[in-house]
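Each chain, letter by letter, is given below.
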Amino acid sequence: MNKINVILASVMLTAATSDAMAGGILTNTNQSIDFLRNPARDAAIGLDGVYSNPAGVAFLPEGFHLGINWQYAHQTRTIQSTNPYFALGRKNNGNATKTFEGVADAPVIPSIQAAYNKGDWSVQFNFSVPGGGGKCEFANGLGSFESVVGGIAYQLQGLDKIATALGQTAPGVAGYDMDGYMQGRQYYFGFQLGAAYKINPHLSVYGGLRLLYGAATYKAKISNIQVKTGSGYVDFGSFMQSATALVDGGITTVNNGLAQVNAGIEQVDAGIAQYQAAGVPVPAELSAQQATLEQTKAQLEGTVGTLQGTSQSLNSLQKYSQGVNLLCNQSSVGIAPVIGVDYKFGHFNLAAKYEFKTQIHMKNESTVNEASEIAAVNKFRDGEKIDEDSPAQLAVGAMWSITDNVRLNLGYHHFFDKNVNWYNNSQDLLDGGTNEYLGGAEWDVTSKLTISAGGQITRYGLTDAYMNDMSFVVNSYSVGFGFKYRASERVALSAAYFQTNYSHYEKTVSTEPLVRDDFTRTNRVLGVGCEINL
């Protein structure tokens, strides 16, 4: 119990949630409606290329091009946790397995692409949300929260033995009740400015800078903590007062007994000394009495040590007698270069883009003011700057124009997740970086209407050591489809639907007793956009 107070604060503060909808662990790649209807846009020639293929934008017609995109995303995160402590929970009906679900809604995910093409040059600007994008709320907290409270109840059962030994009424601890809550809100706003140059009719290059502004808020709460006793459910604070009084009273009682035993030992030692001084044998009864008293002394000293340890543990929990209510705000700015190349030959177009690592040092404004022996708590200490780099990304793609009206697309993304600095070097817990494989097709049904569809497979370098219920990702595949309608020579409208289907990741902490987590998610995105060409 002496560590529980620190662990409790730790799990409350490490409940970081990101809202990446497509892309790497910390990166969103769904920055346009064109991506939603066909994710394989890495070698496509279009205005959305300001993000996905900036070098290729140089091949668009001369003039000013503006694209405005709006997306709505709905996500769930589900953790099915198994822990024997849950069986002690009032709301769990004796079950050791419980499901915790978080709901993440991002009603407005905006992005803007703009380009001005003149001659061989293309000057481009992009605004997007390349990380985060909304808030995730766990209305009943997380398994990490509840397992700690359950562990407290489990250890408080040991007070029955202490009370019985002291001749007191045993409290009969048999369970707990609590209300948990966690919310994480995270946004990374991206501003990218650069230029592409068309070297010849087949080759163009791009260079630019991307600025990221990160803002996040984490709220966590544990309230209405109660202990189930033989007399029913009792407020945790009131129970702690009576438990502390019981243990402190026991310490006084045992110390008084120890004083009596020490006095008895002194009397026996004095008697033995008299026999030894007279040179006569010490009676066996007296030697036996001495041994008994010494044994009793050792037992009482051990009992005092146990009671004092229990007292310290109870005192350490007093600060949570009224529950926990914590808040942390974070913010930071980072900047990094972006380069790209596009090459056209025959019916094919090849392209590549490299986004350099963006160093991010999130600064905390938090209710945590003092250093803790648990590093996870220090991550959210007020005034600290925490490493949360956005990893470098390599994207390559190919487009094949089978006919004038039909195009096939392929793409590959790699995120260099192992080459960043994250808090407590958590990047070292991964097996490798993130890999994505993309494919899609477009068909110009008429001169005004284009329909498209595509898919994406995402594979992370996950390990048991990396995964936890505060922040997790799982492997997935995504599908998207939609259309673009050219209302006039200058205006085009787009709409699309994008869905990600996640696998399950099972992490077994121990088999005896069984402690296990099963992680999965859902994700659905709707989007509409407008493109204006002047």
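J.: In this structure, what is going on with the overall build of the protein chain? I would like to understand it.
T.: Of the regular secondary structure elements, the protein chain holds eight helices and 18 strands. For 534 residues, the compact-globule estimate of 2.2 N^0.38 gives 24 Å, and the protein chain exceeds it by more than 25% at 32 Å. Sequence-distant contacts, at least 24 apart, represent 72% of the contacts inside the protein chain between residues at least 6 apart. For the protein chain, the exposed surface amounts to about 23200 Å²; the carbon and sulfur share of it is 56%. Within the protein chain, one finds 36 positive and 45 negative side-chain charges whose respective centroids are separated by 8 Å.

J.: Explanation requested: the nonpolar core in the structure shown.
T.: Note that soluble globular proteins tend to have their nonpolar side chains buried in a common cluster. Core analysis: the biggest nonpolar cluster contains 56 residues, and Leu156, Phe239, Leu462 and Met467 have the highest contact counts within it. Every element with two or more residues in this core is listed here: β2 (97–118), β3 (121–138), α4 (143–156), α5 (159–165), β4 (175–200), β5 (203–229), α6 (236–278) and α7 (284–317). It is α6 that provides the largest number of residues to this core, a total of 12 residues. Those residues in contact with Leu462 that lie beyond four places of it in its chain are Leu430, Asp431, Met467, Val473, Val474, Asn475 and Tyr505.

J.: Quick question: what am I supposed to make of the packing of aromatic side chains here?
T.: Any aromatic ring pair is given by two values, namely how distant the centres are and how the planes are angled relative to each other. Across all of its chains, the model carries 15 aromatic pairs by this definition. With a centroid separation of 5.2 Å and an interplanar angle of 45°, the aromatic rings of Phe127 and Phe191 are classed as tilted. With Phe127 in strand β3 and Phe191 in strand β4, this pair connects stretches of sequence that are 64 residues apart. Note on Phe127: relative accessible area 17%, which makes it buried. Through a chain of ring-to-ring contacts, three or more aromatic side chains come together here, namely Phe127, Tyr187, Phe189 and Phe191. For Arg90, the ring lying beneath its charged end belongs to Tyr233, and the centroid distance is 4.1 Å. Cation over ring: Lys353 sits above Tyr51, and NZ or CZ is 4.1 Å from the ring centre.

About the thresholds
- Residues numbered from 1 in each chain as written.
- Predicted model: local features only at pLDDT ≥ 70, side-chain atom pairs only at ≥ 80, totals over all residues.
- Heavy atoms only, no water.
- Helix = DSSP H or I, 4+ residues; strand = E, 2+ residues; numbered from the N terminus.
- Rg over C-alpha atoms; globule rule 2.2 N^0.38 Å.
- Contact = heavy atoms within 4.5 Å.
- Areas by Shrake-Rupley, 256 points an atom, 1.4 Å probe, with all protein chains shown as cover.
- Lys, Arg positive; Asp, Glu negative; His and termini not counted.
- Charge placed at Lys NZ, Arg CZ, Asp CG, Glu CD.
- Core = buried A, V, L, I, M, F, W, Y, C linked by side-chain atoms within 4.5 Å.
- Buried < 20%, exposed > 50% of the residue type's maximum accessible area, 1.4 Å probe, protein only.
- Phe/Tyr/Trp six-rings, centres within 6.5 Å; stacked < 30°, edge-to-face > 60°.
- Lys NZ or Arg CZ within 6 Å of the ring centre and 35° of its normal.

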